[in-house]
Amino acid sequence: MTQEQLLQKLKVIITPYVQNETALQNLSEDTDFIKDLEINSANLVDVVLDVEDEFDVVIENEDMEKMLTVKASLDVIQSKLNEK
Amino acid sequence: MDKRRVVITGLGVVAPNGIDKTEFTQALQQGTSGIQFIPELADLNFSCQIAGKPNISKDYLNHYFNKVQLRGLAATGLEYGVIAGKDAWQDAGLSIPEEEEDPRWDTGVIFGTGILGVDKFREAIYKVDEGNVRRLGSNTVIQTMASGISAFLGGMLGCGNIVTTNSSACSTGTEAVLMAYDRIASGQAEIILAGSTSDSGPYVWGGFDAMRILPHKYNDNPITASRPMSASASGFVPGAGAGALVIESLESALNRKANIYAEIAGGAVNSGGHRNGGSMTAPNSKAVQQCIRSAIAQAKIHPKDIDAINGHLTATTKDPVEIENWSIALERNGKDFPYINSLKSLTGHCLAASGSIESVASVLQIKEGYIFGNINTEDLHPEITTMIPKQKIPETTLAIAPKIVAKASFGFGDVNACVIFKKYSE
């Protein structure tokens with residue numbers, strides 16, 4: 001899966017939780033989930049669970065804690081996919 | 001300090017026989033039952049396979065919850081409560097503060113329940129038992145904490161005063177109305193959304209089925225099953241839903257030129273302490289009578305002023321005792337007894353939600369000028385007809401405008417609540 005394909009899938013996953021629609025339009029690797037997209041921090045665990053379902057991977061707590069930006073999330077997902 | 005006057009300025013309801021105020025009003029006037037056969041209960045070997053369950057579609061929820069709130073939503077009580085609560089707020093013509101504004105410090109929520117999010121809790125139990133607690137997600141707590149309903153409503157409406165959930169079994173809703181009344185009368189708040197909600201489904205109703213206090217002979221004929229005051233009453237039909245009332249100081253209501261449905265003249269709550277025949281499941285009659293008398297005293301009315309009673313009257317063998325308690329407390333019997341009706345003939349017993357849904361029905365009677373009819377009362381219990389004539393238990397809606405309606409609810413734990421609603425006049 002290319003980085004672009006991963007990004008598109010991640011965008012679909014996070015969309016329901018996003019409160020700042022403009023930031024979602026301008027989504028880039030540097031986008032921060034909480035600061036830019038204004039995702040409620042309580043919902044970050046839901047994003048991770050949805051990622052697990054979408055990619056059929058298991059994300060441990062240590063990796064979950066890193067997933068605060070688009071780039072960090074893509075890195076975690078890519079590394080989990082590589083392990084498969 | 002004198003108590004401030006308190007009025008009702010908004011109503012919302014999600015009942016088995018109508019999911020908004022308009023539908024519910026029509027059902028009240030026409031005697032439309034909301035009791036239906038529930039296939040799921042039959043599949044699960046329930047003795048009682050019928051219930052009063054509000055017909056809410058998934059699409060309907062989109063009007064009340066945002067997309068994040070809808071994800072993994074599995075808490076029917078939360079759904080009913082939010083719908084009824086937001087409808088009542090809108091009905092009262094109240095605005096909602098913007099995200100960046102302060103909350104409204106003088107508005108609050110007192111919204112009771114018996115148990116919340118049972119279906120969500122079931123999901124969580126399965127995951128936990130599988131050792132998969134990490135997969136619960138963020139919404140398990142907010143959908144299963146009892147105060148989830150007041151917490152959701154408080155946030156949706158931007159309330160900055162008390163936001164809490166009370167719980168006193170089947171008197172919960174009536175108690176919530178009185179808690180709101182007290183807080184406003186004493187000047188601690190201006191507007192409170194008061195109400196109550198109850199989850200639906202087998203996990204809520206199962207315990208009652210196990211107690212053998214639900215009717216089991218009406219599975220083929222649901223509409224005739226809920227028979228308050230009838231000689232053939234054989235238990236209450238389980239129900240669910242939510243009722244919501246915007247309760248407001250008269251001053252605030254007049255200032256904003258709100259539509260006033262009725263005034264809350266006063267009321268009382270008490271407990272029988274499981275003494276003198278009272279128990280976990282049966283009321284102490286002396287306590288019931290005292291609660292009614294105390295409500296009348298608080299309301300500063302005379303027992304003779306009561307035009308109609310909306311009873312608790314669940315359709316168990318205790319209904320004649322309730323009539324007797326009213327008769328003793330009011331010192332009125334025979335032709336002198338007020339009109340009396342039970343909403344439960346149309347909705348079943350909506351448990352924690354019953355008091356608020358029935359309060360909505362009581363207030364609608366005052367505002368719109370009628371006394372709604374009971375159904376399934378063609379064979380009144382002989383102990384009841386020796387106390388009061390059958391004309392006092394209308395079988396169809398009467399075009400009689402009550403000025404004062406007494407509404408009582410009694411709950412497991414031997415707890416009682418009685419509120420006096422009065423037609424508003426300057």
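The residue count restarts for each chain, going from 1 along the sequence in the order it is written. Starting at A for chains and at 1 for ligands, labels are handed out in the order in which the entities are written. Since the coordinates come from a predicted model, pLDDT governs what is reported: local features require at least 70, and pairs of side-chain atoms require 80 or more to be given and counted, while whole-chain, interface and lining totals use all residues. As a rule here, side-chain values come from all non-hydrogen atoms in the structure, and water together with hydrogens is ignored.

An unreviewed UniProt entry annotates chain B as 3-oxoacyl-[acyl-carrier-protein] synthase 1 of Aquimarina brevivitae. Regarding chain B, the UniProt comment filed under Sequence similarities (unreviewed entry) reads as follows: "Belongs to the thiolase-like superfamily. Beta-ketoacyl-ACP synthases family." UniProt positions are given in the numbering used here, feature names are shortened, and annotations may be inferred rather than shown by experiment. Quoted verbatim from the Subunit (unreviewed entry) field of UniProt, the annotation for chain B is "Homodimer."

An unreviewed UniProt entry lists chain A under the name Acyl carrier protein, with Aquimarina brevivitae as the source organism.

Q: How do you make sense of the overall build of chain A when you look at a structure like this?
A: Helix and strand labels come from DSSP, where a helix needs a run of H or I of at least four residues and a strand needs a run of E of at least two; each type is numbered from the N terminus. Of the regular secondary structure elements, chain A holds five helices and zero strands. Starting at the N terminus, the α and β elements of chain A follow one another as α-α-α-α-α. What the globule rule says is 2.2 Å times the number of residues to the power 0.38, and the radius of gyration is computed from C-alpha atoms. In summary, chain A has a C-alpha radius of gyration of 12 Å against a globular reference of 12 Å for 84 residues, a match within 12%. With the C-alpha coordinates of chain A rotated into their principal frame, the extents come out at 35 × 25 × 20 Å. Categorising residues by exposure relies on relative accessible area from a 1.4 Å probe, with only protein chains included: less than 20% of the type maximum marks a residue as buried, more than 50% marks it as exposed, and the intermediate range marks it as partly exposed. Within chain A, buried positions represent 46% of all 84 residues. Excluding contacts between residues fewer than 6 apart, the proportion of contacts in chain A whose partners are at least 24 apart in sequence is 50%. A 1.4 Å probe and the Shrake-Rupley method give the accessible areas. Residues count as covered only by the protein chains that appear here. As displayed, chain A has an accessible area near 4500 Å², and 47% of this comes from carbon and sulfur atoms. Counting rule for charge: Lys and Arg are taken as positive, Asp and Glu as negative, and neither His nor the chain ends is counted. Each charge is placed at NZ for Lys, CZ for Arg, CG for Asp and CD for Glu. The positive charge centre, built from 7 side chains, and the negative charge centre, built from 19, are 5 Å apart in chain A. Throughout, a residue-residue contact means that at least one pair of heavy atoms, one from each residue, lies within 4.5 Å.

Q: Sorry if this is basic, but what is going on with the overall build of chain B here?
A: Tallying secondary structure elements over chain B gives 16 helices and twelve strands in all. In terms of overall dimensions, chain B is globule-like: its C-alpha atoms have a radius of gyration of 20 Å, near the 22 Å expected for 426 residues. Each principal axis of the C-alpha atoms in chain B carries an extent, and together these give about 60 × 55 × 40 Å. Put simply, chain B has 426 residues, and 59% of those count as buried. A separation threshold of at least 6 residues defines the contact pool for chain B, and within that pool the share at least 24 residues apart is 79%. In the structure as shown, chain B presents an accessible area of about 16600 Å², 51% of it carried by carbon and sulfur atoms. The distance from the centre of the 37 positive side-chain charges to the centre of the 43 negative ones in chain B is 3 Å.

Q: What is the right way to look at the interface of chain B and chain A in this model?
A: Accessible area lost when the parts come together is the quantity often used to give the size of an interface. Facing eight residues of chain B, the contacting portion of chain A comprises 15 residues. Throughout, buried area stands for the accessible area (probe radius 1.4 Å) lost by two parts on being put together, summed over both. Both faces considered, chain B and chain A share a buried interface measuring about 990 Å² in area, 42% of it formed by carbon and sulfur atoms. For the chain B face of the interface with chain A, the top three residues by lost area are Arg71, Arg134 and Arg135 of chain B, together amounting to 53%. Every case where a carboxyl oxygen of Asp or Glu lies within 4 Å of a side-chain nitrogen of Lys or Arg is listed as a salt bridge. Between the two partners, chain B and chain A, sit five salt bridges. Two N or O atoms count as a polar contact when they lie within 3.5 Å, although within protein this holds only if one can serve as hydrogen donor and the other as acceptor, and sequence-adjacent residues are included solely when both atoms are side-chain atoms. For the pair chain B and chain A, the interface holds ten residue pairs in polar contact (both at pLDDT 80 or more). Tallied by class, the residues present in the side of chain B that touches chain A amount to two nonpolar, two polar and four charged. Classes in brief: Ala, Val, Leu, Ile, Met, Phe, Trp, Tyr, Cys and Pro nonpolar; Asp, Glu, Lys and Arg charged; the others, Gly included, polar.

Q: Any chance you could explain the domain arrangement of chain B here in plain terms?
A: Residue and element names in this part refer to chain B. In terms of domains, chain B is made up of domain 1 (7-256) and domain 2 (266-423). One C-alpha centre belongs to domain 1, the other to domain 2, and the line joining them spans 22 Å. With 65 residues of domain 1 at the contact, the number on the domain 2 side is 59 residues. Carbon and sulfur atoms make up 70% of the area that domain 1 and domain 2 hide from each other, which totals about 4400 Å². Three residues stand out in domain 1 for area buried against domain 2, namely Leu28, Cys170 and Met229, and they jointly supply 20% of the buried area on that side. Viewed at the interface, domain 2 and domain 1 are joined by two salt bridges. A salt bridge links aspartate 379 to arginine 227; the shortest N-O distance between them is 3.0 Å. Along the contact surface separating domain 1 from domain 2 lie 21 residue pairs in polar contact (both at pLDDT 80 or more). For each domain, the first and last residues come from an automatic or database assignment.

Q: Would you mind going over the UniProt feature "domain: Ketosynthase family 3 (KS3)" (unreviewed entry) in chain B with me for this structure?
A: Under the UniProt annotation, the feature "domain: Ketosynthase family 3 (KS3)" (unreviewed entry) is placed at residues 3-423 of chain B. As annotated, residues 3-423 of chain B comprises 34% helix and 17% strand, and the C-alpha atoms at either end are separated by 18 Å.

Q: How should the nonpolar core be read in this particular structure?
A: As a rule of thumb, nonpolar side chains are buried together in soluble globular proteins. All names here are of chain B. Throughout, nonpolar core names a set of buried Ala, Val, Leu, Ile, Met, Phe, Trp, Tyr and Cys residues whose side chains join them through atoms within 4.5 Å. Of all hydrophobic cores here, the largest spans 50 residues; its most connected members are Phe65, Leu78, Val82, Trp89, Leu193, Trp205 and Val246. Listing elements by their share of this core, those giving two or more residues are β3 (50-52), α3 (58-61), α5 (76-91), β4 (107-113), α8 (148-157), β6 (191-198), α10 (202-210) and β7 (241-249). Tallying contributions element by element places α5 first for this core, with seven residues. In this structure tryptophan 205 touches Leu41, Phe46, Ala51, Gly52, Lys53, Asp199, Ser200, Leu214, Pro238, Gly239, Ala240 and Leu351, once residues within four positions along its chain are discounted. Phe24, Leu343, Ile357 and Val419 belong to the second largest nonpolar core, which has 42 residues in total.

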